[in-house]
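Structure at a glance
Chain residues, written in single-letter form:
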Amino acid sequence: LAFRQRRQPRASVESSGVPEIPMQLTPLTNYENAKSPIRLLLSQIEQQTHDTKTLRFQILDERRFCAKPGQFLTFQWTIDGQRVRRSYTVSSSPVHDNYVEITPKRMENGCVSVFLNEGAKPGLTVEASGPYGRFYYDKTLHKSIVLIAAGSGITPMISMLCYIDDLELATPVTLLYCVRTGADIIFENELSRLSRSLPNFKYELCLSRPDATWKGRSGRLTEEFVSQSVTDLDSPTFFLCGPNGFMDNARHVLLTLGVTPDRILQESFGESKPSTESRPPEAGTVETVVFLHSEKVCQVSSGSTLLDLAERNGVQIPFGCRQGQCGTCATRVLSGTVQMDVEAGLTAEQKNAGYVLPCVSRAEGTVVLSA
C-alpha cells in the first residue's frame, strides 16, 4: 500500500497487509473533549530522511478521527516494559479520518524516538489521547498564511498543506523551511508534489550547513530572507514551529518587519525541561498543596509538579501533553504562589484569572488549587 498523500509508489514503505478501515464509521462529536483514548494500529512506515520516519496508524475504534491541521496527540508507549508518554504532531491531513500519521525524528538518547525509528514494526498497537493544541490552521479565519519551520517543525505545516490540497482551497501559502543539510529535508518529495498541485503555494528552503553543490539559500532566517520571500507582510497569519531559539529569532524578525503579535502563532516541540533558574530546590524543603474540590491536603517535596502530586493522591486533573503546550490541565490557583516553567498553553484570560498548568508547575509554600 502506498501512502494516500504520497502518490507515487514507494519501495521504502513497510506495510502490515492490513486493509484500510472502511469509511462508514460514526463521527464523534466534540472529540477534543473526549476522555477515552483512541486505539491505534501501526499499518505502514515510510522513511523520510536518514533519521526520520512517517508512521501511519489505523483507527481501531468505531469512530472517526476528528482533528484540526496542526494539532497533536499524546501517546502512551510501552518500551522495555515501561509506560512512557510522548506527544507527537499529526503530520497527515485530518481529512482522512480513518487513519493518522506522525513523523518522529530520531533524537540521540531519546528512548521513544529511537524506538519509533528503529524498533517499531507494523502490527504495533498503542493508545493516544487528544487531539490537543491551539496551533492549527482554520480555513474560516486564516485567509492567507505563512509557515516558518525548522527541522521537524515541518510536521504541523505538512498537515496544513495536505489539508488545503485535499479540500482544494485557494488559500495563498508561503513556506520558509530551514534545515541543516540537504539530507535533512523532511517531506522533500511531498513538498515538490504540493508545489505542483497547489496553485497558490510557494516554498523556500534554507540550509545552514550546505555542501558545495547547493544552489539555493543558505544561512539563518533573516529579515532579508523573509521580506524577499513574503511580498505581503500585512495580512497573512504566520505559523512558527521549531526549536525555541529558532522561534525566538523568527518572532523577532517578524516583529521588526512590522508584523503584529496577534498574527503570529507558534508551537515548540521536544520534551519540556524543568526550569531551575528562578528557585533551585532546597534539600528537605516540603510544600503543602490543598486540592479544594477533592478535599485533600498533600505534602510535596520541592521539584515535584502539581500534576504528579495530584496523580499520586487520586486527584483527577485532565491532562494532555504534559509539556505546558495544550492547556488541557489548566487549573485555577485560589491562593499561594506557583512556579510555572511554561505558560504557552494558557490564554490571556486564563492567566489574568489565576490559572496555571499543573503539568509544568511547582508549589512555593502553601498553595490552594480548585481541583
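Before reading on, note that the structure itself is shown above.
Definitions and cut-offs
Residues numbered from 1 in each chain as written. Predicted model: local features only at pLDDT ≥ 70, side-chain atom pairs only at ≥ 80, totals over all residues. Heavy atoms only, no water. Helix = DSSP H or I, 4+ residues; strand = E, 2+ residues; numbered from the N terminus. Buried < 20%, exposed > 50% of the residue type's maximum accessible area, 1.4 Å probe, protein only. Contact = heavy atoms within 4.5 Å. Areas by Shrake-Rupley, 256 points an atom, 1.4 Å probe, with all protein chains shown as cover. Core = buried A, V, L, I, M, F, W, Y, C linked by side-chain atoms within 4.5 Å. Phe/Tyr/Trp six-rings, centres within 6.5 Å; stacked < 30°, edge-to-face > 60°. Lys NZ or Arg CZ within 6 Å of the ring centre and 35° of its normal. Pairing = 2+ DSSP bridges. Axes fitted to C-alpha atoms, helices over the stretch in contact; angles between N-to-C directions. Polar contact = N/O pair within 3.5 Å; in protein donor to acceptor, adjacent residues only side chain to side chain. Salt bridge = Lys/Arg side-chain N within 4 Å of Asp/Glu carboxyl O.

Per the secondary structure count, the protein chain includes seven helices and 18 strands. Each of the 371 residues in the protein chain was classed as buried or not, and the buried ones make up 51%. Across the protein chain, the fraction of contacts at a sequence separation of at least 24, relative to all contacts at a separation of at least 6, is 69%. With an accessible surface of roughly 17300 Å², the protein chain has 49% of that area assigned to carbon and sulfur atoms.

What follows covers the nonpolar core. Grouped together as the largest cluster of nonpolar side chains are 28 residues, with contacts concentrated most on Leu 147, Met 157, Leu 161 and Tyr 177. If you list the elements that add at least two residues to this core, you get strand E8 (145-150), helix H2 (154-166), strand E9 (173-179), helix H3 (188-197), strand E10 (201-207) and strand E12 (237-241). With eight residues, H2 is the single largest residue contributor to this core. Of all hydrophobic cores here, the second largest spans 24 residues; its members include Leu 42, Leu 55, Val 90 and Leu 116.

Turning our attention to the environment of Thr 49. With respect to the secondary-structure elements, Thr 49 resides in strand E2 (residues 38-49). For Thr 49, a relative accessible area of 7% corresponds to the buried category. Separated by 135 residues in sequence, Thr 49 and Asp 184 have C-alpha atoms that sit 6.2 Å apart. Other than its neighbours up to four places away in sequence, Thr 49 contacts Ala 183, Asp 184, Ile 185 and Ile 186.

Turning our attention to the packing of aromatic side chains. Summed over the entire model, instances satisfying the criterion amount to eight aromatic pairs. Ring centres 6.0 Å apart and planes at 50° place the aromatic pair Phe 72 and Tyr 132 in the tilted group. Within this pair, whereas Phe 72 is found in strand E4 (residues 72-79), its partner Tyr 132 is found in strand E7 (residues 125-132), the two being separated by 60 residues in sequence. When the ring of Phe 201 is compared with that of Tyr 203, the centres are 5.7 Å apart and the planes differ by 10°; the resulting orientation is stacked. For Phe 201, a relative accessible area of 7% translates into the label buried. Given a relative accessible area of 25%, Tyr 203 falls into the partly exposed group. Grouped by ring-pair contacts, the aromatic residues Phe 57, Phe 75, Trp 77 and Tyr 88 constitute a single cluster. Lying over the aromatic face of Tyr 99, Arg 56 brings its terminal NZ or CZ to 3.7 Å of the ring centre.

Across the sheet, six strands lie side by side as E11-E10-E9-E8-E12-E13; this open sheet has parallel pairing. Whereas interior strands pair on both sides, the edge strands pair on one side only; in this sheet they are strand E11 (217-218) and strand E13 (264-267). Set on the sheet, H2 makes contact with E8, E9, E10 and E12; between it and E8 the angle comes to about 145°. Relative to E12, helix H5 (residues 244-256) is tilted by about 160°, and along the sheet it contacts E8, E9, E12 and E13.

Relative to the elements of secondary structure, Thr 74 occurs in strand E4. The class for Thr 74 is buried, based on a relative accessible area of 2%. A distance of 2.9 Å separates a polar atom in the side chain of Thr 74 from a polar atom in the side chain of Ser 87.

What follows deals with the sheet that holds strand E15 (residues 296-301). Strand order in the open sheet formed by five strands is E15-E14-E18-E16-E17, and the pairing between neighbours is mixed. One side of each edge strand has no neighbouring strand; the edge strands of this open sheet are E15 and strand E17 (355-356). Here six bridges tie strand E16 (residues 331-340) to strand E18 (residues 361-369), and the two strands are oriented antiparallel to one another. Residue Thr 337 lies in a different strand from E18, and its bridge partner there is Glu 364.

Turning our eyes to something else, we now look at the pattern of salt bridges. On inspection of all chains with the given rule, the structure shows nine salt bridges. Across the salt bridge formed by Arg 39 and Asp 61, the nearest N and O atoms sit 3.2 Å from each other. In this pair, Arg 39 sits in strand E2 while Asp 61 sits in the loop between strand E3 (52-59) and E4, placing the two residues 22 residues apart along the sequence. Since its relative accessible area comes to 15%, Asp 61 is described here as buried. With its nearest N and O atoms 3.0 Å apart, the salt bridge here joins Glu 190 to Arg 193. Residue Glu 190 and its partner Arg 193 are both found in helix H3; the two are separated by three residues, about one turn of the helix. When sorted by exposure, Glu 190 lands in the same class as Arg 193, which is buried. Salt bridges sharing common partners tie together Arg 106, Glu 108 and Glu 118.

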